[in-house]
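Read off the chains here:
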Amino acid sequence: MKASPLHSPRNPATRGTTLVELLCAMGMMVIAVGAALVTFIGIQRSLATSLYQVNAQSDQNRVFAYLRRDLRGASAVQITAQGTEVTVTQSTQSAPTLNLNLGLPLLSLLGAPSSATTTANTVRYYRQGTSIIREFNGAPTQLTDSATLFQVSRSGTLMQINAAFQPRFSLANRPASTAATTVAAYVHLLNASAQ
């Protein structure tokens, strides 16, 4: 009896996969999976670095927003510790007042309320380690934990603030860092007298 042509060992339709073909296919699959894994890890590290950078910039914006607001409303500013600490005194009224520019005859009708008293709030900024601390009437608040420099100087009614922020992150349980961002800002004191 003759073998049917459908079941012939030379027929490619019934032929199985050889070990060499299987090993080649597995090798190509390992290379593709390895390339995908390396790409994924690179993207993940890049995203983590970007997030740490965004957090450092957010901290920077927060620090300068608080400083600008407090310095613009300051009635007195004192710089100590070689410029690494600044104390701001702000006068506030306990009763609301009405400030209108109505002309001289009408101003005589608007007298200051006799119960209005002026109180002072004290705000202190300083760097402790890598943190910049804002202390409002003795209650401290940490504004950032990535500061490497905080320096304040004054020239008349112009305040100069220099600060550096360095985002830190970790790769494979090793601390790493990117370049620090150094920022200089100028604030004009609106209410404080020139010293």
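The preceding data block contains the structure.
Residues numbered from 1 in each chain as written. Predicted model: local features only at pLDDT ≥ 70, side-chain atom pairs only at ≥ 80, totals over all residues. Heavy atoms only, no water.

Caption draft 1: Representation of the overall build of the protein chain within the structure. Regarding its fold elements, the protein chain presents 2 helices and 10 strands. The secondary structure elements of the protein chain, listed N-terminal to C-terminal, are α-β-β-α-β-β-β-β-β-β-β-β. Among the 195 residues that make up the protein chain, the fraction classed as buried is 24%. Restricting the contact set of the protein chain to residue pairs at least 6 apart, pairs at least 24 apart contribute 51%. (Helix = DSSP H or I, 4+ residues; strand = E, 2+ residues; numbered from the N terminus. Buried < 20%, exposed > 50% of the residue type's maximum accessible area, 1.4 Å probe, protein only. Contact = heavy atoms within 4.5 Å.)

Caption draft 2: Region of the structure containing the sheet that holds strand β6 (residues 147-155). A sheet is described by the order of its strands in space; here 3 strands give the open sequence β6-β7-β10, paired in antiparallel fashion. Looking at which strands have only one partner, the edges of the open sheet turn out to be β6 and β10 (181-188). Between one strand axis and the next, the sheet turns through 15 degrees on average, direction left out of account. Relative to strand β7 (residues 158-165), β6 is paired through 8 bridges, and the arrangement is antiparallel. Across the sheet, Ser 153 pairs through a bridge with Gln 160, a residue of β7. The sheet contacts of helix α1 (residues 19-72) involve β6, β7 and β10, and relative to β10 the element is tilted by about 15 degrees. (Pairing = 2+ DSSP bridges. Axes fitted to C-alpha atoms, helices over the stretch in contact; angles between N-to-C directions.)

Caption draft 3: How the structure looks around the pattern of salt bridges. A complete count under the given rule lists 5 salt bridges for this structure. Taking the shortest distance from any N to any O, the salt bridge between Glu 85 and Arg 124 comes out at 3.0 Å. With Glu 85 in strand β2 (residues 85-93) and Arg 124 in strand β3 (residues 118-128), this residue pair connects regions lying 39 residues apart in the sequence. The exposure class of Glu 85 is buried, given its relative accessible area of 19%. Taken together, the salt bridges that share partners define one network made up of Arg 69, Asp 70 and Arg 134. (Salt bridge = Lys/Arg side-chain N within 4 Å of Asp/Glu carboxyl O.)

Caption draft 4: Representation of the packing of aromatic side chains in the model. Counting across every chain of the model gives 1 aromatic pair. Where Phe 64 meets Phe 165, the ring centres are 6.5 Å apart and the plane angle is 65 degrees; that geometry is what we call edge-to-face. Residue Phe 64 is found in helix α1, and its partner Phe 165 is found in strand β7; the two are separated by 101 residues along the sequence. On the basis of relative accessibility, which here comes to 3%, the residue Phe 64 falls in the buried class. For Phe 165, a relative accessible area of 1% gives the class buried. (Phe/Tyr/Trp six-rings, centres within 6.5 Å; stacked < 30°, edge-to-face > 60°.)

Caption draft 5: Quick peek at the side chain of Arg 134. Tracing the sequence through the fold places Arg 134 in strand β4 (residues 131-136). Within the local environment of Arg 134, its side chain forms a polar contact with the side chain of Tyr 125, the two groups lying 3.1 Å apart. For Arg 134, the contacting residues outside a window of four places in its chain are Tyr 66, Arg 69, Asp 70, Val 123, Arg 124, Tyr 125, Ala 139, Pro 140, Thr 141 and Leu 143. (Polar contact = N/O pair within 3.5 Å; in protein donor to acceptor, adjacent residues only side chain to side chain.)

Caption draft 6: Layout of the environment of Asn 162. Its place among the elements puts Asn 162 in strand β7. For Asn 162, a relative accessible area of 22% puts it in the partly exposed group. The spatial distance from the C-alpha of Asn 162 to the C-alpha of Leu 149 is 7.2 Å, given a sequence separation of 13 residues. In this structure, Asn 162 is in contact with Leu 149, Phe 150, Gln 151, Val 183 and Ala 184, ignoring residues within four places of it in sequence.

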